[in-house]
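Below are the chains, spelled out letter by letter.
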Amino acid sequence: MATGPAGPRERWLWIGAGVCLAAIYGTLYVVRPLANALRDRGLLQVTVLGLFTVAAAGVVAAVLRRRPGLRELAVLAGFGLLYGWLFTLLPIPEERFHLLEYGIFAVLLHGALEERRARLGSGRGGRLRGLLRSPAVLAVLATGLCGWIDELIQGLLPNRFQDPRDVVLNLLAGVLVVVGIHALRRVRGR
């Protein structure tokens, strides 16, 4: 099997994951003043809700393109309710955003890792093939690590602070989307 350069889909997934992470890290300094400005105008809650709605619509559209069965729709509805419940549990709008940004990152990273594993196949891939035995676990761990680095960077910024709770939210976002992907696949039968 091929162990060479990434195919087009894998390449775009890696680029997407990199751009997503760069956007997260690159906006760490400006996001606090932006959130404060939105809060002062009474727009922070609606902005976060709007972003979640757009993301949810994208997920629904992607699932509907595959002509899902009733079980897939039930899984999608269940995860939608779970996200909605978590949304209500988090009192601070900025905390809710962690579920979105790190969820997107985890989806892209998981997809790229799965593409790489498929390219390596059952052939010789050495240590990399061993690491890619479980792209889901690797994606969740990498998402958690990147979320932890996010908080370390925030600890260095004058207008931000480290919050261990945010590290947990970043990891939770990765877990939720990866479990959701695998739950949908399981009911699809592949």
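Please refer to the structure higher up on the page.
Residues numbered from 1 in each chain as written. Predicted model: local features only at pLDDT ≥ 70, side-chain atom pairs only at ≥ 80, totals over all residues. Heavy atoms only, no water.

Asker: Tell me about the overall build of the protein chain, and name the residues and values.
Answerer: Of the regular secondary structure elements, the protein chain holds eight helices and zero strands. Ordered by position in the sequence, the α and β elements of the protein chain form the string α-α-α-α-α-α-α-α. For 190 residues, the compact-globule formula gives about 16 Å, and the C-alpha radius of gyration of the protein chain, at 18 Å, lands near that figure. In terms of overall dimensions, the protein chain has a C-alpha envelope of 55 × 40 × 25 Å along the principal axes. Across the 190 residues that make up the protein chain, the buried fraction comes to 38%. Considering only contacts within the protein chain whose residues lie at least 6 apart along the sequence, 79% involve residues at least 24 apart. Accessible area for the protein chain stands at about 11,100 Å²; split by element, carbon and sulfur atoms hold 69% of it. Counting 23 positive and 12 negative side-chain charges, the protein chain places the centres of these two groups 13 Å from one another. (Helix = DSSP H or I, 4+ residues; strand = E, 2+ residues; numbered from the N terminus. Rg over C-alpha atoms; globule rule 2.2 N^0.38 Å. Buried < 20%, exposed > 50% of the residue type's maximum accessible area, 1.4 Å probe, protein only. Contact = heavy atoms within 4.5 Å. Areas by Shrake-Rupley, 256 points an atom, 1.4 Å probe, with all protein chains shown as cover. Lys, Arg positive; Asp, Glu negative; His and termini not counted. Charge placed at Lys NZ, Arg CZ, Asp CG, Glu CD.)

Asker: A description of the layout of surface pockets should follow, citing residues and the corresponding values.
Answerer: Empty space within the largest pocket amounts to approximately 1,300 Å³. Lining the largest pocket are 39 residues, with V59, V63, V107, I181 and L184 positioned closest to its centre. If you list the elements that add at least two residues to the lining of the largest pocket, you get α1 (8-26), α3 (44-65), α4 (70-89), α5 (93-120) and α8 (164-188). Here the residues of the lining of the largest pocket are counted per class, giving 23 nonpolar, eight polar and eight charged. In this structure, the second largest pocket spans a volume of roughly 570 Å³. Along its surface, the second largest pocket is lined by 26 residues, and V31, E94, F97, E101 and R160 are the ones closest to its centre. Take the lining of the second largest pocket: its biggest share by element is six residues, from helix α2 (residues 28-40). (1 Å grid on protein atoms, 1.4 Å probe; cavity = no way out; pocket = protein on both sides within 12 Å on 5 of 7 lines; lining within 4 Å. Points joined across faces, edges and corners; volume = space filled by probe spheres on them. Nonpolar A, V, L, I, M, F, W, Y, C, P; charged D, E, K, R; others polar.)

Asker: Describe α2, and please don't skip the residues or the numbers.
Answerer: Over its 13 residues, α2 runs 19 Å from end to end, which matches the ideal 18 Å to within 8%, given 1.5 Å per residue. Turning to α2, its buried residues are L28, A35 and L38. All buried residues of α2 fall inside an arc of 65° around its axis, so they share one side. Contact partners of the buried residues in α2: α1, α3, α5 and α7 (135-156). Just beyond α2, the residue with positive phi is G42, at close to 70°. (Expected span 1.5 Å × (residues − 1). Arc of directions from axis to C-beta.)

Asker: Outline a nonpolar patch on the surface, supporting the account with residue identities and numerical values.
Answerer: Together, V60, L64, L70 and L73 line one region of the surface with nonpolar side chains, adding up to about 370 Å² of accessible area. If you list the elements that add at least two residues to the nonpolar patch, you get α3 and α4. Note on placement: L73 falls in helix α4. (Patch = residues over 30% accessible without salt bridge, like charges linked within 9 Å, V, L, I, M, F, W, Y side chains within 5 Å. Salt bridge = Lys/Arg side-chain N within 4 Å of Asp/Glu carboxyl O.)

Asker: Please set out the nonpolar core residue by residue, giving values where relevant.
Answerer: One finds F52, Y83, L99, Y102, F105 and V178 to be the most contacted residues of the largest nonpolar core, which totals 32 residues. When residues of this core are traced back to their parent elements, those giving at least two are α1, α2, α3, α4, α5, α7 and α8. Of all the elements, α5 adds the most residues to this core, at nine residues. The residues touching F52, leaving out its near neighbours within four places in the chain, are Y83, F87, R96, F97, L99 and L100. If you look at the next biggest cluster of nonpolar residues, it comprises five residues, including V63, L76, F79 and L184. (Core = buried A, V, L, I, M, F, W, Y, C linked by side-chain atoms within 4.5 Å.)

Asker: Before we move on, could you go through the packing of α3 against α4 and cite the residues and values that matter?
Answerer: In the contact formed by α3 and α4, the axes pass within 11 Å of each other and the chain directions differ by 170°. Of the possible angle classes, the one that applies to α3 and α4 is roughly antiparallel. Contacts between α3 and α4 pair V48, L49, F52, V59, V60, V63 and L64 from the former with L73, L76, Y83 and F87 from the latter. (Axes fitted to C-alpha atoms, helices over the stretch in contact; angles between N-to-C directions. Parallel < 35°, antiparallel > 145°, perpendicular 65-115°, else oblique.)

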